Protein chains: 6
Amino acid sequence: MEISKIYLKYSVDSSISLLTTNGLFIGRFQPFHKGHLATIKFALGMVDQLVIVVGSAQKSHEPRNPFTAGERIRMIKESLDADGEADVRRILIIPVPDIDVHSLWTHQVDMLVPKYDVVFANDLFTLMLFREQGVKAIEAPLYRRDEMVATEIRKRMAAEENWEDLVPKPVSKVIKEINGIERVKAISQKIC
Amino acid sequence: MEISKIYLKYSVDSSISLLTTNGLFIGRFQPFHKGHLATIKFALGMVDQLVIVVGSAQKSHEPRNPFTAGERIRMIKESLDADGEADVRRILIIPVPDIDVHSLWTHQVDMLVPKYDVVFANDLFTLMLFREQGVKAIEAPLYRRDEMVATEIRKRMAAEENWEDLVPKPVSKVIKEINGIERVKAISQKIC
Amino acid sequence: MEISKIYLKYSVDSSISLLTTNGLFIGRFQPFHKGHLATIKFALGMVDQLVIVVGSAQKSHEPRNPFTAGERIRMIKESLDADGEADVRRILIIPVPDIDVHSLWTHQVDMLVPKYDVVFANDLFTLMLFREQGVKAIEAPLYRRDEMVATEIRKRMAAEENWEDLVPKPVSKVIKEINGIERVKAISQKIC
Amino acid sequence: MEISKIYLKYSVDSSISLLTTNGLFIGRFQPFHKGHLATIKFALGMVDQLVIVVGSAQKSHEPRNPFTAGERIRMIKESLDADGEADVRRILIIPVPDIDVHSLWTHQVDMLVPKYDVVFANDLFTLMLFREQGVKAIEAPLYRRDEMVATEIRKRMAAEENWEDLVPKPVSKVIKEINGIERVKAISQKIC
Amino acid sequence: MEISKIYLKYSVDSSISLLTTNGLFIGRFQPFHKGHLATIKFALGMVDQLVIVVGSAQKSHEPRNPFTAGERIRMIKESLDADGEADVRRILIIPVPDIDVHSLWTHQVDMLVPKYDVVFANDLFTLMLFREQGVKAIEAPLYRRDEMVATEIRKRMAAEENWEDLVPKPVSKVIKEINGIERVKAISQKIC
Amino acid sequence: MEISKIYLKYSVDSSISLLTTNGLFIGRFQPFHKGHLATIKFALGMVDQLVIVVGSAQKSHEPRNPFTAGERIRMIKESLDADGEADVRRILIIPVPDIDVHSLWTHQVDMLVPKYDVVFANDLFTLMLFREQGVKAIEAPLYRRDEMVATEIRKRMAAEENWEDLVPKPVSKVIKEINGIERVKAISQKIC
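Trainee: Just give me the short version of the overall build of chain A, but keep the residues and values in it.
Mentor: Counting its secondary structure elements, chain A contains 8 helices and 5 strands. Starting at the N terminus, the α and β elements of chain A follow one another as α-β-α-β-α-β-α-β-α-β-α-α-α. When the 192 residues of chain A are sorted by exposure, 62% land in the buried category. Put simply, 69% of the contacts in chain A that link residues at least 6 apart link residues at least 24 apart. By element, 51% of the accessible surface of chain A is carried by carbon and sulfur atoms, the whole surface being about 7,800 Å².

Trainee: Give me the environment of E:Ala86: which residues, what numbers.
Mentor: Structurally, E:Ala86 is set in the loop between helix 3 (69-83) and strand 3 (91-95). For the pair E:Ala86 and E:Leu37, spaced 49 residues apart in the sequence, the C-alpha separation amounts to 8.7 Å.

Trainee: How would you summarise unusual backbone geometry if you had to cite specific residues and measurements?
Mentor: With an omega dihedral of 0°, the bond running from B:Gln30 to B:Pro31 counts as a cis peptide bond. Summarising the element assignment, B:Pro31 is placed in the loop between strand 1 (22-27) and helix 2 (34-44). Phi angles above zero are rare outside glycine, and C:Glu160 is one such case at about 60°. With respect to the element layout, C:Glu160 can be found in the loop between helix 6 (145-159) and helix 7 (169-177).

Trainee: Pulling in residues and values, what's your account of the relation of the copies chain A and chain B?
Mentor: Superposition record for chain A on chain B: RMSD 0.0 Å, screw rotation 180°, translation along axis 0.0 Å. In short, the pair behaves as if placed about a two-fold rotation axis. By residue overlap, the copies meet face to face through one surface: 100% of the interface positions of chain A are interface positions in chain B.

Trainee: Explain the packing of aromatic side chains to me, and be specific about the residues and the numbers.
Mentor: If you walk through the whole model with that rule in mind, you get 30 aromatic pairs over all chains. Geometrically, the ring pair formed by C:Trp105 and C:Phe130 is edge-to-face, given 5.7 Å between the ring centres and 75° between the ring planes. In this pair, C:Trp105 is assigned in helix 4 (residues 105-112) and C:Phe130 in helix 5 (residues 124-132), connecting sequence segments 25 residues apart. On the basis of relative accessible area, C:Trp105 is assigned to the buried category, the value being 11%. Through successive ring pairs, a cluster of aromatic residues spans A:Phe25, A:Phe29 and A:Phe32.

Trainee: Describe in detail the sheet that holds strand 2 (residues 49-54) of chain D, supporting the description with residues and values.
Mentor: Residue and element names in this part refer to chain D. Across the sheet, 5 strands lie side by side as 3-2-1-4-5; this open sheet has parallel pairing. With partners counted over all chains shown, the strands left at the sheet margins are strand 3 (91-95) and strand 5 (136-139), one partner each. Looking at each pair of strands side by side, their axes are set apart by 25° on average, direction ignored. Inspection of the sheet shows strand 2 paired to strand 3 by 5 bridges, in the parallel sense. From the neighbouring strand, Leu 50 faces strand 3, where its bridge partner is Ile 91. Its contacts with the sheet place helix 2 (residues 34-44) against strand 1 (22-27), strand 2, strand 3 and strand 4 (118-121), and it is angled at close to 150° to strand 2.

Trainee: So what's going on with the packing of helix 4 of chain C against helix 5 of chain C? Residues and values would help.
Mentor: Residues and elements named next belong to chain C. Where helix 4 meets helix 5, the closest approach of the two axes is 9 Å, and the angle between their N-to-C directions is 80°. As summarised for this structure, helix 4 and helix 5 are arranged roughly perpendicular, according to the angle between their axes. On helix 5, the residues that touch Trp 105, Thr 106 and Val 109 of helix 4 are Thr 126, Leu 129 and Phe 130. Of the residues contributing to the contact of helix 4 with helix 5, the split by class is 4 nonpolar, 2 polar and no charged.

Trainee: Can you tell me about the sheet that holds strand 3 (residues 91-95) of chain A, naming the residues and giving the values?
Mentor: With respect to topology, 5 strands assemble into an open sheet ordered 3-2-1-4-5 (chain A), the strand pairing being parallel. Two strands lie at the open edges of the sheet, namely strand 3 and strand 5 (136-139) of chain A, each paired on one side alone. Going across the sheet, the axis of each strand differs from the next one's by a mean of 25°, ignoring polarity. Bridge count for strand 1 (residues 22-27) of chain A against strand 2 (residues 49-54) of chain A is 6 bridges, and the pairing is parallel. Residue pairing across strands places A:Gly23 opposite A:Leu50, the latter belonging to strand 2 of chain A. Each of strand 1, strand 4 (118-121) and strand 5 of chain A touches helix 5 (residues 124-132) of chain A; the most contacted strand, strand 5 of chain A, lies at about 165° to it. Sheet contacts for helix 3 (residues 69-83) of chain B: strand 2 and strand 3 of chain A; angle to strand 3 of chain A, the most-contacted strand, approximately 155°.

Trainee: Tell me what's going on with the pairing of strand 1 of chain B, and back it up with residues and numbers.
Mentor: Summarising burial for strand 1 of chain B: 6 of the 6 residues are buried, a large majority. Residues B:Asn22, B:Leu24 and B:Ile26 point to one face of strand 1 of chain B and B:Gly23, B:Phe25 and B:Gly27 to the other, with burial holding for every one of them.

Trainee: Report on the interface of chain A and chain B, specifying residues and quantitative values.
Mentor: Facing 23 residues of chain A, the contacting portion of chain B comprises 23 residues. For the pair chain A and chain B, the summed buried surface comes to about 2,000 Å²; carbon and sulfur atoms form 69% of the total. On the chain A side of the interface with chain B, the three residues burying the most area are A:Lys77, A:Arg89 and A:Met111, jointly 24% of the side's total. Linking chain A with chain B are 2 salt bridges. Put simply, A:Glu177 and B:Lys115 hold a salt bridge, and the shortest N to O gap is 2.8 Å. Seen at the junction of chain A and chain B, the total is 7 residue pairs in polar contact (both at pLDDT 80 or more).

Trainee: So, the pattern of salt bridges: which residues are in play, and what are the values?
Mentor: This structure, assessed with the given rule, holds 90 salt bridges over all chains. With its nearest N and O atoms 3.1 Å apart, the salt bridge here joins C:Lys41 to C:Asp83. You can see C:Lys41 sitting in helix 2 (residues 34-44) and its partner C:Asp83 sitting in helix 3 (residues 69-83), a full 42 residues away along the chain. Note on C:Asp83: relative accessible area 28%, which makes it partly exposed. Linking E:Arg74 and E:Glu78 is a salt bridge whose minimum nitrogen-to-oxygen distance equals 3.0 Å. With E:Arg74 and E:Glu78 both in helix 3 and 4 residues apart, this pair spans about one turn of that helix. What makes E:Arg74 buried here is its relative accessible area of 8%. Of the residues examined, E:Glu78 reaches a relative accessible area of 21% and is grouped as partly exposed.

Trainee: Any chance you could break down helix 3 of chain E for me, citing the residues and the numbers?
Mentor: All names here are of chain E. Between its first and last C-alpha atoms helix 3 spans 21 Å; for 15 residues at 1.5 Å apiece the expected length is 21 Å, and the two agree. Burial analysis of helix 3 places 11 of its 15 residues in the buried class, the great majority of the element. Those residues of helix 3 that fall on the buried side of the exposure criterion are Ala 69, Gly 70, Glu 71, Arg 72, Ile 73, Arg 74, Met 75, Ile 76, Lys 77, Ser 79 and Leu 80. Of the residues flanking the end of helix 3, it is Gly 84, one or two places downstream, whose phi is positive at about 80°.

Trainee: Could you give an account of the pairing of strand 3 of chain A, naming the residues involved and the relevant values?
Mentor: For strand 3 of chain A, a buried count of 5 out of 5 residues is recorded, marking the element as mostly surrounded by other parts of the structure. In the classification by handedness, the crossover that spans strand 2 of chain A, the intervening helix 3 (residues 69-83) of chain A and the parallel strand 3 of chain A is right-handed.

Trainee: Go over the environment of B:Ser60, please, and point to the residues and values.
Mentor: Along the chain, the position of B:Ser60 falls in the loop between strand 2 (49-54) and helix 3. Among the residues examined, B:Ser60 registers a relative accessible area of 1% and is labelled buried. Residues B:Ser60 and B:Glu71, spaced 11 residues apart in sequence, show a C-alpha to C-alpha distance of 9.6 Å. The contact partners of B:Ser60, leaving out residues within four places of it in the chain, are B:Asn65, B:Pro66, B:Phe67, B:Thr68, F:His102 and F:Ser103. Of the polar contacts made by the side chain of B:Ser60, one reaches the side chain of B:His61; its length is 2.7 Å.

Trainee: Give a detailed account of the confidence of the model for chain A, specifying residues and quantitative values.
Mentor: Residues and elements named next belong to chain A. Mean pLDDT over chain A works out to 87, with 86% of the residues at or above the 70 mark. Under a pLDDT of 50 for its full length, residues 1-19 has, in the predicted model, 23 contacts with residues more than four places off or in other chains. Scoring the predicted complex yields pTM 0.89 and, for the interface, ipTM 0.88.

Rules used in this analysis
Residues numbered from 1 in each chain as written. Chains lettered and ligands numbered in written order. Predicted model: local features only at pLDDT ≥ 70, side-chain atom pairs only at ≥ 80, totals over all residues. Heavy atoms only, no water. Helix = DSSP H or I, 4+ residues; strand = E, 2+ residues; numbered from the N terminus. Buried < 20%, exposed > 50% of the residue type's maximum accessible area, 1.4 Å probe, protein only. Contact = heavy atoms within 4.5 Å. Areas by Shrake-Rupley, 256 points an atom, 1.4 Å probe, with all protein chains shown as cover. Least-squares fit on C-alpha atoms with pLDDT ≥ 70 in both. Phe/Tyr/Trp six-rings, centres within 6.5 Å; stacked < 30°, edge-to-face > 60°. Pairing = 2+ DSSP bridges. Axes fitted to C-alpha atoms, helices over the stretch in contact; angles between N-to-C directions. Parallel < 35°, antiparallel > 145°, perpendicular 65-115°, else oblique. Nonpolar A, V, L, I, M, F, W, Y, C, P; charged D, E, K, R; others polar. Buried area = accessible area lost by both parts, 1.4 Å probe. Salt bridge = Lys/Arg side-chain N within 4 Å of Asp/Glu carboxyl O. Polar contact = N/O pair within 3.5 Å; in protein donor to acceptor, adjacent residues only side chain to side chain. Expected span 1.5 Å × (residues − 1). Right-handed = clockwise from strand over helix to strand, strands pointing away. pLDDT = per-residue confidence, 0-100.

Written out as C-alpha cells, the structure is:
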C-alpha cells in the first residue's frame, strides 16, 4: 500500500524538537479500521503533531455508532501501540461530542483541541465547515472510502460474516471483549 | 521532591508489553502546574497507562476556569514533552465536559475514556462519586493542595506578581502566547 | 387471557408488609392499551412493587409520540383505578425523559426511580442496555407486540377506524377529552 | 398536631368514585420530613387526587440537594406505606427536573403531570410562577418552614447531631442504607 | 398578484399612533422568497405590528436548513428595505430556536416575542400547536405553498438551475456573497 | 445630556441608501432605561444599521433578570417608537440566549445576527470576548454605568421607591401592565 510508503519517506527523520505544524484527523471510527491507520501514518508524514478527533463522541449503541468514545479511543491507542510504526508521542486522541448547531461545530472543536494548522477529513461536509472558517482542510487519501468501509464492517458483524481482516488485530480483540458483536446485532434490529 | 523519587523507583523498568493496569488522573488544570506534573509521574509509577482527564472541559473565560480545554491540553502535552521524564506513550489526555447532573458524571467519564482500574484525584467530591460506584479512588499526594496552588497562580497573574515559578516553562510560554494574563485580569473584574 | 390468570395466582395473598422485590416496566404507552394492562398484572405477580416507567417523557405531538407524559400517566392511572384488579398501592408511575446519549440512559433511569431488582420491557434495545449493566431484564409476554399494537391504534385513529376496543375505556375517554384524535390527524400529515 | 386533625375531618368520607379535583404538592424533599407528611394529609383533605411533585429531580450530591429523585421517591413512598393513614391510591409521585428557563418551568410541570386544579407549595417563587399562569396556588400550612426544617436536618446530619426525630422512620432507614450521612458530610466540604 | 392588492387596501392609512393588534408570522425562510414577502404585506394589512419569527434559528448547513438565522434575517431585512412598500417600522424580526420538546415550543415563542393577538403560519403543525393553546392561528394565503417553493429553490440551487426569479433581488445578492450555492451543493451530498 | 447631542450631529443627514456599516449594541436591558436609549442614539450616529442584542434572552423571573426577552423587546420597541428621534428603520432587535460555554458565545451571536463591523457594549467581559476574536469592540459611553443604573432601578422597584424617572415612559407602562413590580418583589425574596 503506497500510503505507508509515503509516510515512511516523511517520518524517518522527524524530530520532536522541531515540531511546528499541527494537524487534526477527524473521523467517527465506528470502528477504527486499517484505512484509518494508514491515514494516520500519511498525516504524520505531513505534520509534526496529529490530533485524532473522535467525532460524535457522545454517541453509541445505535446502528451507525455502535461503540462509545472510550471504546473507540481504546481501539485506536491499542492499534497504534501494536503497530509500532506510528510515533504515538506525536499523537493526541481527543473525543469531541456533536453539537446540534452546525454553525458552532468547528468552534466546539477549537475549544477542545490545541491550535492546529490543517485538517484531514474524509467527508465533504466536515471539509466545507472548516473551509468556511478559512482553515486549510485536506481530503484524506481514503476520501469517501472510510464511511463505506466502516459501514461494511458493521454490516458483516451483524451478518456474522468475516470482518476481522478489515481492522487491526487489537480492534477485534476489544470488540470481542466488550461483546460488541452482540451489541451490533441487537441495535441493527432497532426500528428507529 | 520525594514524589519524583517514588516515581523513579516504580517506573524504571516498566514495559509497555506488560501493560495491564489503567488509571485516571482527574483535574481541571487551571492552569497545569508543577504539582500536577509530579502527580502524573507518581501515578505512572503505579499504573501502566494513565488517562489525564481534563475536567470542566467546556469551561473557560471565567475566574476559576480561565483557559479552554484545548489550551490546557496544550500546556500538559508541551510540559510532558519538555520534561522528558514521564513516558508520554503511556499517557492519554482526554477532555471531559461537566454534566449538570452529578449522579451521571462518573458515567459520562466512563463513556469518554478507556476502561480503567483506579482513579487519582485531588478533591473529596470526585473521590466520593467514584467510591459510590465501587471504584478504587486514591487521594493524589498533593491532596487538597492542587486547588490551592492553582488559585494562588490565578491570583498572582491578576495581581501581576510572580507566578511562573509554579508552572513548567511551556505553560508560561502558552499562557503568554494566548494573552492569558490579560484574560485573567479581565475576568477577575467580572461581577458574576 | 391467560396473563391475567397468572397474575391472579400470584397476587391474591400478596402483603405489603413483606415487600422485597421491585420491578420496572418500561414503555412509551402511546397510547396505553390493554396489552400494557395485562403486562402490569403479570409483573405484579412477580414483584412486590412495580414502577411503570413512562419513557420518552419529553416527547409529544409527533407521529410516534402524540401524547404528553402527563396525558399518558392519566391514561394509566385512570385505567388502573377503573380496572380495580391491579393493586395501585404497589405501583409507582414515573416519567423518564430520553437522554440523547444512549450509554447514559440506564443511569438516568437509576437516578429517577427507586432501586429495583428486575426490568420488564418489550423491546430488544432496552433489554440490551440493561443487560450490559448486569441487570436482570425480562421480555414482557407481549414481546414485540406492544409497539405493533400502539402503532395500529395510532393508524386507526388517523384513519377514523375503530381503535377503542384496543384500549381500556378510561383511555378513550381521556383521548377524546384532549381532542387527541384531531391531534393525531394533524401530526400524521407532518412531513418530518 | 392540628394539621392531621384538619386532614381527618376532610378525608374520612372521601370516596374514590367521586374523584374530581386534582392537586399538586410541589417540593424538593431533601429529605422528606414529618412536615411534608402532614402537608400531604392536609392536601388530601382538600383534593381527590394529589400529585407529589419531586422538584429539582436531576439534582443530587450537592449541599442543598444531597439525594437523587429515586432516593427521595423511595423515602416518600415508604413513609406513606408505613404511616397507613394517607390513602396512597389517591397519590402519584412524579419527579420533575428543573428547566433553566424560569418562564418555561410551569409548562414543564404541565407536560409531566396529569391536569390539575390547584397547587400547594411552600415557597413564594413557585406560588408566583403558577399565579402568573392563572393557576390557583395555595401556601401550604408549613409555609416557609419546609426549607428551614430540611436545611436543619442536613446541617445536623453533617454535624452528627440528632436528626432522626424530624423524619418518618422509613426515611432514616433509607438514608442509612445508601450511606447518606457520609455523602452529606463529603459534599458539605465542597467549596462550590 | 392579488395578495399585494389586499395588502394595499389595508395599509394605506395605517397609523403608528393607533397600534393595537400584534401578529406573528412564523416560518423558516430557507431562503426568504417572494411568497414570504407577499404574506408579510398581507399580514401588515391585518395587524398593526408584525413579528416575523425566524424558526429553527439554531439550524444551518443542512439540506432543509442551509442558512443561519443571521443570514436569513439579513435576507428579510434587505428585501423589505429594497421593496419599500412594507412599513419596516411596524415589523420586528425575531429568531426562535427549536426546542426539542414540542409541548413547550409555543411557550418558548411566548418568551422571546412581545405579546401578540394572532399567528400567521404556513403549516398545519404550527397552527395546531397554537390552537391547542387557545391562540387564533390563521393559515397564511400561501398555505402549504411556502415549503414547496423553498424546497424547489434549494433543489434548483443544487442543480445550478434558475432560482433567482423566485426570490427578491437582495436575497440572491446575500446568497452569492456568502457562497451559499456552494454550501447548498456540499450539504445536498451529505448522507445524513 | 451631551450624548444626544453627539448623536444629533451624526444622524441628521444619514441616508439609508448609503448603508454600509453595521453595529451591535449588546445588553441585558433589565429593564431598558434612559441610558440605553442615549447609547442607541449615539451608536446610530456611527453606524448605518444597529442590531440591539438582548442578551441572556432565556432568563427571567430571577433577581438580576426579572423580565423575559419578549417583555424587554417590547420595552425597547415602544420606547423607540415613542421617542421618535432614533430611526427604527435602521434598527433590529435580536434576542440571544446565553450559552454556558463562554468560548462559544461570540459564535452564537454570529449565528443569530446579520454580519457586523463593530460591537458596542457596557461590560469588560463582553468587550474582551469579542476582541479575542479580532472584532472591533467599543466601550459604550455609559461604560460600567449601565449595570449600576439597572441594579438601582430593580432595587427601587422592590423597595417601592421612585424608579420611573430612570426609564422611558413606555417602559413603566409595560412593567405595570405585566405586574412587574410584584414580580420583582417576589423574586427579591428568593434565597437562591
